[in-house]
Amino acid sequence: MKLLKDSMRWLPGAAVSLGVIAAILYFVDFRKMAAAISHANYWLLAAATVLSFLWMAVRAIVWRTLLRDRAPYKEVFFTLGEGYLLNNFLPFRLGEFGRPFLLSRKTDLQFIEILPTIVIERAVDLAYSAAILMAALPFVVGAQDSAEKIGIIVGIVVAVGLVTLYVLARNRQWALDTFHKLSLRWPALQRFGGSFLEAFLDGLAVLTDGWLFARFLFWMTLNWGISILQFYIIVCAYFPQAQVTWGMFALGAAAFGGAIPSLPGAVGTFEGAIAAALTLFTGDQSTSLAAAVTAHLYNYLNSIVIGGIGLMREGQTLSGIYKQLVNFRAKEKVKESE
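Computed from a predicted structure; not experimentally measured.

Thoughts on helix α5 (residues 94–106)
Part 1 of the argument: An ideal rise of 1.5 Å per residue puts 18 Å on 13 residues; α5 measures up with 18 Å between its terminal C-alpha atoms.
Part 2 of the argument: With respect to burial, α5 is a largely interior element, 11 of its 13 residues being buried.
Part 3 of the argument: Considered for burial, the residues of α5 that qualify are Leu94, Gly95, Glu96, Phe97, Gly98, Arg99, Pro100, Phe101, Leu102, Leu103 and Ser104.

Describing the environment of Thr65
Part 1 of the argument: Along the chain, Thr65 falls in helix α3 (residues 42–66).
Part 2 of the argument: The exposure class assigned to Thr65 is buried, which follows from its relative accessible area of 1%.
Part 3 of the argument: A C-alpha to C-alpha distance of 9.9 Å links Thr65 and Met220, two positions 155 residues apart in sequence.
Part 4 of the argument: Residues within four places of Thr65 in sequence aside, it is in contact with Leu212, Arg215, Phe216 and Trp219.

Quick notes on the pattern of salt bridges
Part 1 of the argument: In total, this model carries 14 salt bridges according to the counting rule given.
Part 2 of the argument: Here Asp69 makes a salt bridge to Arg215, at a shortest N to O gap of 3.0 Å. Highlighted residues: Asp69 in the loop between α3 and α4 (73–89) and Arg215 in helix α10 (residues 210–238), separated in sequence by 146 residues.
Part 3 of the argument: Overall, the relative accessible area of 22% leaves Arg215 in the partly exposed class.
Part 4 of the argument: Among the salt bridges present, the one from Glu121 reaches Arg99, with a minimum N-O distance of 2.8 Å. Taken together, the positions of Glu121 in helix α6 (residues 111–136) and Arg99 in helix α5 put the pair 22 residues apart, joining distant regions of the chain. The pair formed by Glu121 and Arg99 is uniform in burial state, with each residue classed as buried.
Part 5 of the argument: Salt bridges here are not isolated pairs; linked through shared partners, they connect Arg59, Glu96, Arg99, Glu121, Arg122 and Asp125.

Basis of the calculations
Residues numbered from 1 in each chain as written. Predicted model: local features only at pLDDT ≥ 70, side-chain atom pairs only at ≥ 80, totals over all residues. Heavy atoms only, no water. Helix = DSSP H or I, 4+ residues; strand = E, 2+ residues; numbered from the N terminus. Expected span 1.5 Å × (residues − 1). Buried < 20%, exposed > 50% of the residue type's maximum accessible area, 1.4 Å probe, protein only. Contact = heavy atoms within 4.5 Å. Salt bridge = Lys/Arg side-chain N within 4 Å of Asp/Glu carboxyl O.

And the structure:
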């Protein structure tokens with residue numbers, strides 16, 4: 001029964017990834033793709049490698065800012081790498097759950113205090129990706145209508161979500177009182193949920209601190225700027241005539257391709273999104289896929305190196321972390337039912 005329940009969770013994502021991979025196998029000329037890789041500008045790809053690790057270093061500052069600098073940078077940096085490593089190799093995007101779990105064991109911060117920072121970070125990521133996608137749209141032939149609608153919808157959803165979180169953070173006591181009133185009939189929910197909500201609202205405090213939130217937006221903007229530059233360089237390695245807008249549109253597409261249900265690491269959907277985006281500019285599906293596969297390899301590279309070093313420092317393995325996360329989630333469910 002448990003196996004059936006778990007399979008129902010990962011099968012939709014697997015079906016999406018396999019569908020995209022099947023389309024890639026049908027449309028792409030792999031001999032031409034191999035030729036494109038062999039003729040790529042490896043000096044530019046080397047520069048993109050450096051930017052990949054710089055991106056991770058700045059993203060650690062972004063997360064540490066959301067944590068209000070209450071955790072050492074080194075621990076935040078390696079935990080970030082571990083989280084991306086979990087996302088790339090384990091199902092159900094466990095890295096998003098694993099980051100607060102792992103960091104809470106290395107610092108004085110509680111799991112539930114850290115969790116809201118992941119929610120805020122991902123929401124703002126979606127906002128930036130939608131903005132970048134829409135900024136590049138005027139330069140894309142044949143994609144304006146559909147992509148613009150997607151960008152507007154995502155932007156509205158993200159804006160509503162952030163405003164809701166801000167209102168909750170500003171009205172902390174009201175939110176707690178309302179929860180306690182609504183949960184009077186369920187003592188177990190009131191007991192567990194009350195402590196959960198209180199810690200969660202503490203984690204949202206960054207939204208009410210103007211200077212702290214401004215710092216967060218500065219580092220986040222710089223982080224996305226590095227992403228645009230990296231994607232532009234990768235695209236130029238395969239298409240020397242590329243414009244910055246090509247990299248921007250590919251980056252925005254990649255962000256949405258990585259967000260939809262898929263196999264671990266967004267296998268298939270990430271490559272498909274970037275290849276489709278670049279094909280709109282070039283008409284060359286095979287070389288576009290070569291650039292997409294290269295971009296995805298960088299995601300694996302920095303997570304394996306940084307996350308792998310982090311796990312070795314702690315004497316952990318991927319399988320061990322997976323078991324710990326499963327046990328932790330099981331314990332939380334038991335608490336909820338008591």
